[in-house]
Amino acid sequence: GSWYWLYYDLPVDSAARWMSGVDANVPAYWPHECFSKERWSLETHGLWVDTRSVYALVHALQGNVGAAEELLHEVFYGGENPLTLDDYKTEMIAHYVAGIASLPQDTAAALQAFAHALNNGETRDRLGQKLRPMFHDIYNAKYGARHDTTTSIDEKKRGVLAYYGSYFSDVTDSVGFTTSLRRSHVAWGFWNSDNLADLLIDGRALYVARQDGSFELIAHELSTDKGRSGLFCDIDNDGDMDIFYIGRERHGVIRNNNGVPTDETIEMGNYASEAAAWIDLNADGYPELYQGGYEKWNNATMSSTAFGDLLWENNKGVLTPTKNLPAVTQMRVPTRGVVVDDIDGDGDQDIIVSSYRLKPNVVLLNNNGVLEVHATSTLIGIRQQGSYGHSAGADVGDLNNDGLVDVSIANVAHPRYIDFSNRTGLYVQDSTGEFVESRKQLGVRFEETHAQAGMFDYNGDGLQDLFITSMYEFRRSFLYEQQSSDSRFPYPFREVAGITGTLMFDGYAWAPADYDMDGDLDLAIGSGDVYRSGIKLLRNELQQNEHETAHYLHIRVKAENQFGFGCIVTATQGDHTQRQRIDGGFGICSQRPPTAYFAFGNNTDPVEITVTTPSGKVHTQVVDTLNAYVVVEVE
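Every value quoted in this text rests on a predicted model; they were computed, and no experiment measured them.

(A) Just the overall build of the chain, in detail. Of regular secondary structure, the chain possesses nine helices and 37 strands. The 635 residues of the chain split such that 61% are buried. Considering only contacts in the chain between residues 6 or more positions apart, those separated by 24 or more positions represent 57%. Accessible surface, the chain as shown: approximately 24,400 Å² in total, 48% of it carbon and sulfur.

Following this line, the structure appears as structure tokens:
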């Protein structure tokens, strides 16, 4: 009822009568026979925030500002019942009420409260849809910009909140895409030899980058089967990148013949798949492909059929699907994500398989070319009442620059299943090799429908930031800026999607790349399978920002494979070392371009680059001049 009144602007006297019958002090745990304790905790705490905030608004509109401020203080600071990062609700409604209470006397305070509310966000964006045009109108009225059609709401929010950091511009239409291009999966690679990142969308549409920053559509349909996803790789190690696509009935290889795509279709029958990644198991320069089996839903029976995973063996460029994998990968558990990296630090490539439908994830360690199950790894998830999580897109990176890889795993965690569902996990590796789940300690908020969680340095300070999309209509994305490289700090991340131009609804797979080669990482974001809000290309404006720039290096590796797949690259500047891999895929069949990007803030000192190949070769060289594209050849 309080939400109904708030959203539809019913008269204040009606609201006062309604709220007088509501006990604003909703207890944290209100027993209810239809709900579990944890779920009911989420529901009642949200109700407590809503009712306190709306009651405060009623007081403010009736002129009782003191009572309103007292109630808002309880919501913001919690009293005996504070909001936490595991709550379903955010402080957005309280910021909104604070802004309304400031009008009309103090529009500056109102705009600041509204800007905080919009940056804070909420679960289904109901209040956001109401507040964005209100913020726009009040801002224009205050600053004499009634006819301003060029300044975005994000830019206005940045001005109000005095945010001078890096941000993104939506260039989807201007570079040759269209917001009506409703696709879910994105992968970056090099289709030609100009070292500009080209974009593969859903394994079917290939856009090649031009020198002027725009894209040319080379093929709308690469194969005879409408693609679902795909990845780049130099499969035959001939110096140009090919494509493996995952279709709905067929899968196959798109060979690169001097820039001309040639389809080699493989009939897969009834096999369904959502994700894959490249892994050079035997370190011969011809990467194998690990492909996760997904599921097909039957509306008539209201049930699904899942498929086992596949290992595509690579015989000098010829791929053959096999089941030469541990038995656990054949148990018909739907796989929603695959990521490859050196998980255990022994120099070879391992695999994390994200399992859906409340099943444990699978960690496969590479033992001299043989994949073995690491059943005791904490990365499989937390067992709760016999279940685990709805895991989706995962990533591996070094969050705190300690030389040890850390892991982010997105999970869908519906409140109705919250007692036996894993929330999204952020696993920081300690000195013993144990992965410690640290999401709340790092300041990352619970969200019901996270799709893909991954790492990239958006502001060029040498620290990995965290970007998370959320599937389903009106579910928002999150960009967390890292404040410190020390994971022992209580809250090293802060949420900045609402002011950096990275707020997207119904997002799905995504991947970063410096597509315009200006020295910062841009974002391609696919939209979800259900509502599909349209693909987005967001250009990072870091290097055009007068307040904040960064020096950088792009490292291209030639080793056993001509594009260095599976190589680990480190960049050391003084006592600060960063680590990247040459990416063969992560998340939900997403992919970075085959270069390692490093940023160093304002530091211009020389950088020592070290490359370790899958076969164990190590090459080190010093780069004296930054802001460069460097090719490292490992003999």
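(B) Spatial organisation of the pairing of strand β19 (residues 370-373). Where strand β18 (residues 362-367) meets β19, four bridges bridge the pair, whose relative direction is antiparallel. When the sheet's bridge partners are listed, Leu-364 is paired in β19 with Val-373. What sits between the antiparallel neighbours β18 and β19 is a turn of two residues, in which Asn-368 has the positive phi angle 55°.

(C) Quick peek at the side chain of Asp-395. Its place among the elements puts Asp-395 in strand β20 (residues 390-397). A polar side-chain atom of Asp-395 sits 3.0 Å from a polar atom in the side chain of Arg-581.

(D) View of helix α5 (residues 92-102). Counting buried positions along α5 yields nine of 11 residues, so the element is predominantly enclosed. Buried within α5 we find Met-92, Ile-93, Ala-94, His-95, Tyr-96, Val-97, Gly-99, Ile-100 and Ser-102.

(E) Structural context of the sheet that holds strand β30 (residues 536-540). Overall, antiparallel pairing links the four strands, which are arranged β1-β30-β29-β28 in an open sheet. Here the strands that pair on one side only, and so sit at the sheet edges, are β1 (168-170) and β28 (507-513). On average, each strand axis in the sheet is inclined to that of its neighbour by 25°, with strand direction left out of account. Here β1 pairs with β30 via three bridges, running antiparallel.

(F) Spatial organisation of the sheet that holds strand β9 (residues 260-267). Overall, antiparallel pairing links the four strands, which are arranged β6-β7-β8-β9 in an open sheet. The open sheet is flanked by β6 (227-233) and β9, the only strands paired with a single partner. Shown here is a sheet whose adjacent strand axes are inclined to one another by a mean of 20°, direction ignored. Sheet analysis places β6 next to strand β7 (residues 242-247), joined by six bridges and oriented antiparallel. Of the residues in β7, the one forming a bridge with Ser-229 is Ile-246.

(G) Structural context of the environment of Met-471. Looking at the secondary structure, you find Met-471 in the loop between β25 (465-470) and β26 (478-482). Since its relative accessible area comes to 4%, Met-471 is described here as buried. Between the alpha carbons of Met-471 and His-450 there is a distance of 6.3 Å; along the sequence they are 21 residues apart.

(H) Spotlight on the nonpolar core. Trp-188, Phe-215 and Leu-537 are the most contacted members of the largest nonpolar core, which has 67 residues in total. Broken down by element, this core gets its largest block of residues, five residues, from strand β4 (residues 205-209). Beyond its immediate sequence surroundings of up to four residues, Phe-215 is in contact with Val-175, Gly-176, Phe-177, Trp-188, Ala-197, Tyr-207, Val-208, Ala-209, Arg-210, Tyr-515 and Leu-537.

(I) Representation of the packing of aromatic side chains in the model. All chains considered together, the criterion is met by 18 aromatic pairs. Judged by centre distance (4.6 Å) and plane angle (85°), the ring pair of Phe-177 and Tyr-207 falls under edge-to-face. Within this pair, whereas Phe-177 is found in the loop between β1 and β2 (186-189), its partner Tyr-207 is found in strand β4, the two being separated by 30 residues in sequence. On the basis of relative accessible area, Phe-177 is assigned to the buried category, the value being 6%. Given the relative accessible area of 6%, Tyr-207 is considered buried. Here the aromatic rings of Tyr-271 and Phe-307 are separated by 5.7 Å at their centres, their planes lie at 65°, and the arrangement is edge-to-face. With a gap of 36 residues between them, Tyr-271 in the loop between β9 and β10 (273-279) and Phe-307 in the loop between β13 (303-306) and β14 (310-315) connect regions that are remote in the sequence. Of the two residues, Tyr-271 and Phe-307, neither departs from the other in class, the shared state being buried.

(J) Representation of the packing of helix α3 (residues 37-61) against α5. Remark: α3 packs on α5, axes separated minimally by 9 Å, with the N-to-C direction vectors making an angle of 0°. Our classification of the angle between α3 and α5 gives roughly parallel. Residues Val-49, Asp-50, Ser-53, Val-54, Ala-56, Leu-57, Ala-60 and Leu-61 of α3 touch α5, and the partners they reach there are Ile-93, Ala-94, Val-97, Ile-100 and Ala-101. Broken down by class, the residue content of the contact of α3 with α5 amounts to 11 nonpolar, one polar and one charged.

What counts as what
Residues numbered from 1 in each chain as written. Predicted model: local features only at pLDDT ≥ 70, side-chain atom pairs only at ≥ 80, totals over all residues. Heavy atoms only, no water. Helix = DSSP H or I, 4+ residues; strand = E, 2+ residues; numbered from the N terminus. Buried < 20%, exposed > 50% of the residue type's maximum accessible area, 1.4 Å probe, protein only. Contact = heavy atoms within 4.5 Å. Areas by Shrake-Rupley, 256 points an atom, 1.4 Å probe, with all protein chains shown as cover. Pairing = 2+ DSSP bridges. Polar contact = N/O pair within 3.5 Å; in protein donor to acceptor, adjacent residues only side chain to side chain. Axes fitted to C-alpha atoms, helices over the stretch in contact; angles between N-to-C directions. Core = buried A, V, L, I, M, F, W, Y, C linked by side-chain atoms within 4.5 Å. Phe/Tyr/Trp six-rings, centres within 6.5 Å; stacked < 30°, edge-to-face > 60°. Parallel < 35°, antiparallel > 145°, perpendicular 65-115°, else oblique. Nonpolar A, V, L, I, M, F, W, Y, C, P; charged D, E, K, R; others polar.

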